[in-house]
Amino acid sequence: MPKQYKLKGTSLDDIRVKAEQQYGPGARIVSAEKVTNPGIAGLFAANRYEATIEVPSQLAGNSCRSEGPERQQLRVSWEAHAGGEVRAAGEAHALQGPAIAALLEQADAAEMDMHRPEAVVSTASPDFAGILEQLGKEFRAPTSGAPVQGTLTALPPVVVGHAVPAAPPTAVPALAAVPAPLAGSGNLVILLGLGDDALGTALELSIAGGGFDVRTSGALTAFGHLHVTGRQGATAARAQAVVTGQTVLVAYGLGRQGEAVTHAADIATLAPDQLWLVVDAGRKAEDTASWIRALSAALAAERVRVDALAVFGASETGSPETVNGLGVPIGWVDGKPARVAVLGKVD
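Caption draft 1: Main features of helix H1 (residues 12-23). Counted at 1.5 Å a residue, the expected span for H1 with its 12 residues is 16 Å, and the 16 Å between its end C-alpha atoms agrees. Of the positions making up H1, those classed as buried are Leu-12, Ile-15, Arg-16, Ala-19, Glu-20 and Tyr-23. One side of H1 carries all its buried residues, which in axial view fall inside an arc of 135°. Just downstream of H1, Gly-24 is the residue with a positive phi angle, here 90°.

In structure tokens, the structure reads:
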């Protein structure tokens, strides 16, 4: 009677090689499962596979270190046909390329069934069917009446998230509500920062929120994080986040101070549901206010506004209250949620 064993590997091809080495060419994969490791705060996420191997009873007692005549005959047959149609003892080998591909497809389908929500994922999140429909439209060839590249088309309010009021920003009231990262499957929150400032804050927010889908965009890239480019990339990220039940948190790099304003159109294309600025309280207040005013004006022209401010370095300066002059409520300070929407002066 055939015996069954469990093997793990980074791919089905890896498992096939292990099965051949441990149990000989007579072994065959009878089932496989794709297992997703979410990583830590979205960092180093990876997939692996677990498969059930069936071994004929006459080979089950053999090992790679002790090969009898029958095992040796099978190995010769395997090696003689490497690269072509592999046969062992006159029968087709069960671990051929087409079988591997079929099992991989079955494993992916099983994983999708496992993660597919039974009902509406979140009343606060965009409709998944609408996201997929939008994604499909964006990949179709443009018609003669379609807008030229670089022209932004109107999206429904549920996707755009918010519009910009005509009035300029005013001072934040001392008792204003403290903003918090927008939760909900499929929501897209962007953190804007000079250089790589946004990435550290994004990881802090992810850990505090129980694990967001942290990605990069703009002039910032980071190992272990997917990079979002354009509306198609943002829509695809939303769709994936609906399946996994996460919020997409995009750390957007603005480059240097003088380059920040040039990213306004690209930021608008991503259509965030919530937009944060990440600033260093230790930088010269006039310099910070200068690039933020320029960027805010460019974003206003694209009908996008800044919702919240994340501040780092507040504990390392004697005048953290200078960030209050930016006119944006503070929601995050030095790795923790803010207690009030404005910072007090350090005596």
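Still to come is the rest of the account.
Caption draft 2: Quick peek at helix H7 (residues 197-208). Between its first and last C-alpha, H7 extends 18 Å over 12 residues, near the 16 Å set by a 1.5 Å rise per residue. Within H7 the residues assigned to the buried category are Asp-197, Ala-198, Leu-199, Thr-201, Ala-202, Leu-205 and Ser-206. Buried residues along H7 sit against strand E6 (188-193), strand E7 (213-218), strand E9 (248-253), strand E10 (274-280), strand E11 (308-312) and strand E12 (330-333). Gly-210 sits one or two residues past H7 and shows a positive phi near 90°.

Caption draft 3: Layout of the side chain of Glu-54. Mapped onto the elements, Glu-54 comes out in strand E3 (residues 46-55). Given a relative accessible area of 16%, Glu-54 falls into the buried group. At 3.4 Å, the side chain of Glu-54 and the side chain of Gln-4 are in polar contact. A polar contact is formed between the side chain of Glu-54 and the side chain of Arg-28, at a distance of 2.8 Å. Discounting residues that sit within four places of it in the chain, Glu-54 has contacts with Pro-2, Lys-3, Gln-4, Gly-26, Ala-27, Arg-28 and Val-30.

Caption draft 4: The packing of aromatic side chains, seen in detail. Overall, the coordinates contain one aromatic pair when judged by the stated rule. For the ring pair Tyr-5 and Tyr-23, a centre distance of 4.6 Å and an interplane angle of 20° mean the geometry is stacked. Here Tyr-5, found in strand E1 (residues 3-9), pairs with Tyr-23, found in helix H1; they are 18 residues apart in sequence, far enough to count as distant.

Caption draft 5: Geometry of the pairing of E6. For E6, the tally of buried residues reaches six of six residues, placing the bulk of the element in the interior. Side chains Leu-188, Ile-190 and Leu-192 project from E6 onto one buried face, and the interleaved Val-189, Leu-191 and Gly-193 project onto a second face that is buried too. With six bridges connecting them, E6 and E9 associate as parallel partners. Pairing of Gly-193 across the sheet is with Gly-253, part of E9.

Caption draft 6: Layout of the sheet that holds strand E13 (residues 336-337). Ordered by their spatial adjacency, eight strands build an open sheet running E8-E7-E9-E6-E10-E11-E12-E13, and the pairing between neighbours is mixed. Each edge of the sheet is formed by a strand with only one pairing partner; in this case those strands are strand E8 (227-228) and E13. When E11 meets E12, the two strands line up parallel, connected through three bridges. Its bridge partner being in E12, Val-311 is matched across the sheet by Val-333. Sitting on the sheet, helix H10 (residues 285-301) is in contact with E6 and E10, with an inclination near 165° to E10.

The rules behind these values
- Residues numbered from 1 in each chain as written.
- Predicted model: local features only at pLDDT ≥ 70, side-chain atom pairs only at ≥ 80, totals over all residues.
- Heavy atoms only, no water.
- Helix = DSSP H or I, 4+ residues; strand = E, 2+ residues; numbered from the N terminus.
- Expected span 1.5 Å × (residues − 1).
- Buried < 20%, exposed > 50% of the residue type's maximum accessible area, 1.4 Å probe, protein only.
- Arc of directions from axis to C-beta.
- Contact = heavy atoms within 4.5 Å.
- Polar contact = N/O pair within 3.5 Å; in protein donor to acceptor, adjacent residues only side chain to side chain.
- Phe/Tyr/Trp six-rings, centres within 6.5 Å; stacked < 30°, edge-to-face > 60°.
- Pairing = 2+ DSSP bridges.
- Axes fitted to C-alpha atoms, helices over the stretch in contact; angles between N-to-C directions.

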